[in-house]
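Residue-level structural notes
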Amino acid sequence: MKKFKKYLSYILLICCILIGWGFKQAYTADPIKADHIMQVVSADMKHERTISWQLRDYRLPSYLEIRKKGDSESQLKTALGEEISTSQGNQRRIYTVRLKNLEAGSEYEYRIRVEEWQSTWRSFYTEAEAVNGASFKAMIFGDSQSINYDVWGQTAEKAWQANQDTAFFINIGDLVDNGQKDHEWQAWFRNAAELLEAIPFSPVMGNHEVYGLNATFTQPQTYLALFAVPGNGPDDLKRHAYSYDYGDIHFVVLNTQQGELRKWNPNLLADQKKWLAQDLAQTHKKWKVVLMHRGVWTNGQLNEIGRVFSPVFDDYQVDLVFSGHTHIYARTAPLKKSTVDSSGTVYITTGRSGTKAYPNTQAQLVDQVFFNPVDMPNYIVLEGTRDSLQIKAYKQDQTMIDQIEIKK
């Protein structure tokens, strides 16, 4: 019996050592292994692509290997690294390569290299030259902030499974609940991995991206470091606001966090208003779509954001404005100068893709369609052609919430 107890104690000790080793392996990742590989939208999706990834050992150089599908020879591109400040003080760096002079309508393969380590080959397609108004799809997700980011992952997965022909996807802001918490960003990236590697991502900054750890506001350094979006925004607001084209649509992303960022950017809205007018005046695309986290309406009346931006939307005939923040789905009639006008702008609030819901939120006077996704998250599919914009909103289980087609 004593020998049995002795052997049992040895077995338990070995088990504890193995379990401890397993936990260490789970939480101490290989420092030279790249993770959170993603594609980010570029201003010219026909000939450019931006690819980023993260490393835990920020001292190591990293490279992107790129080749056209079917080619035996590849090119090696040196990545530029940018440090990421995290709440846990982790040493991480995000690496980025901006590919240029790509061929439109072509498939490329890429992989990441760090010292002797290399990723598997992944592929992407550049936007094809438009032929007779060829259509494309973009998926739009409302606020993904969550307690459990697996729910955000389920929304992204089900949307992708149902829309494998999607060209890129958008998150309308509040990606995470606190923009300074590293574990939330890691959970967000893990659950979006399949989408991020397959198609480009267009992020929009939300108010939760500028929340600090001590319940105060802070500059969104982590968000700005993570996403290498086009640098064509206002001079003092690079990566806060930007624009890009796809098909016959010109997309504009705005930063609406004027309350949180007033200390650092007191002219946040005014500076963007000037840039927005210039940006919209320069585009030759038929359709104009604006992406912003906070909407322009409060209790059916134009709020501060609306009073600044809606006159520009009216002047330059913006067709659609997507916003988030309230975690409900809503759609207005076409509005111009706050009244119904067939030539006006349709405003759509995108709902939620994460766990956070507001059961008591009610429709506003301007809402023609209203749905509160309390029972499950939702997402939106935007399909653009030369002649129309088609918008379809779905619950996570693919039940349709709403659809509309805009023609001109």
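Residues numbered from 1 in each chain as written. Predicted model: local features only at pLDDT ≥ 70, side-chain atom pairs only at ≥ 80, totals over all residues. Heavy atoms only, no water.

Turning next to the sheet that holds strand β23 (residues 367–371). If you trace the seven strands from one edge of the open sheet to the other, you get β13-β14-β15-β18-β22-β19-β23, paired in mixed fashion. At either margin of the open sheet sits one strand with a lone partner, and together these are β13 (242–246) and β23. For this sheet the average axis-to-axis angle between neighbouring strands, irrespective of direction, equals 15°. Against the sheet, helix α6 (residues 268–282) contacts β13, β14 (249–253) and β15 (287–291), and its axis sits at roughly 170° relative to β14. (Pairing = 2+ DSSP bridges. Helix = DSSP H or I, 4+ residues; strand = E, 2+ residues; numbered from the N terminus. Axes fitted to C-alpha atoms, helices over the stretch in contact; angles between N-to-C directions. Contact = heavy atoms within 4.5 Å.)

Attention now goes to helix α7 (residues 304–315). Because each turn of an α-helix spans 3.6 residues, side chains separated by three or four positions end up pointing in the same direction. For α7, the set of buried residues is Ile 305, Gly 306, Val 308, Phe 309, Ser 310, Val 312, Phe 313 and Asp 314. Residues of α7 that are buried make contact with α6, β15, β17 (301–302), β18 (320–323), β20 (335–336) and β22 (346–350). By the N-cap criterion, in which a side-chain oxygen at the helix start approaches the backbone nitrogen of a residue two or three places on, α7 is capped by Asn 303, the distance to Ile 305 being 3.1 Å. Two residues or fewer after α7 comes Gln 317, characterised by a positive phi angle close to 55°. (Buried < 20%, exposed > 50% of the residue type's maximum accessible area, 1.4 Å probe, protein only. Polar contact = N/O pair within 3.5 Å; in protein donor to acceptor, adjacent residues only side chain to side chain.)

Next up on the list: the nonpolar core. Judged by nonpolar contacts, the single largest core of 68 residues is most densely connected at Trp 188, Phe 227, Phe 251 and Phe 322. By residue number, the principal contributor to this core is strand β10 (residues 136–141), which donates five residues. Not counting chain neighbours up to four residues away, the residues in contact with Phe 251 comprise Phe 136, Phe 168, Ile 170, Tyr 242, Ser 243, Tyr 244, Tyr 246, Val 289, Leu 291 and Leu 382. Listed in part, the 22 residues of the second largest apolar core include Ala 241, Leu 276, Ile 305 and Phe 313. (Core = buried A, V, L, I, M, F, W, Y, C linked by side-chain atoms within 4.5 Å.)

Evaluated as defined, the whole model comprises 29 aromatic pairs. Look at Phe 141 and Phe 169: their rings are 6.0 Å apart centre to centre, the planes differ by 80°, and that puts the pair in the edge-to-face class. Residue Phe 141 is found in strand β10, and its partner Phe 169 is found in strand β11 (residues 166–171); the two are separated by 28 residues along the sequence. Among the residues examined, Phe 141 registers a relative accessible area of 0% and is labelled buried. Positioned above the aromatic ring of Trp 121, the side-chain terminus of Arg 67 is 3.7 Å from the ring centre. (Phe/Tyr/Trp six-rings, centres within 6.5 Å; stacked < 30°, edge-to-face > 60°. Lys NZ or Arg CZ within 6 Å of the ring centre and 35° of its normal.)

Moving on, we come to the side chain of Lys 46. Mapped onto the fold, Lys 46 is located in the loop between β1 (35–40) and β2 (49–55). On the accessibility criterion, Lys 46 (14% relative accessible area) is buried. Not counting residues up to four positions away in its chain, the partners in contact with Lys 46 are Leu 102, Glu 103, Ala 104, Thr 126, Glu 127, Ala 128, Glu 129, Ala 130 and Lys 285.

The full count for this structure, using the stated rule, is 18 salt bridges. In this structure, the salt-bridge partner of Arg 113 is Glu 65, at a minimum N-O distance of 3.5 Å. In this pair, Arg 113 sits in strand β7 (residues 107–114) while Glu 65 sits in strand β3 (residues 63–68), placing the two residues 48 residues apart along the sequence. Its relative accessible area of 29% is what places Arg 113 among the partly exposed residues. (Salt bridge = Lys/Arg side-chain N within 4 Å of Asp/Glu carboxyl O.)

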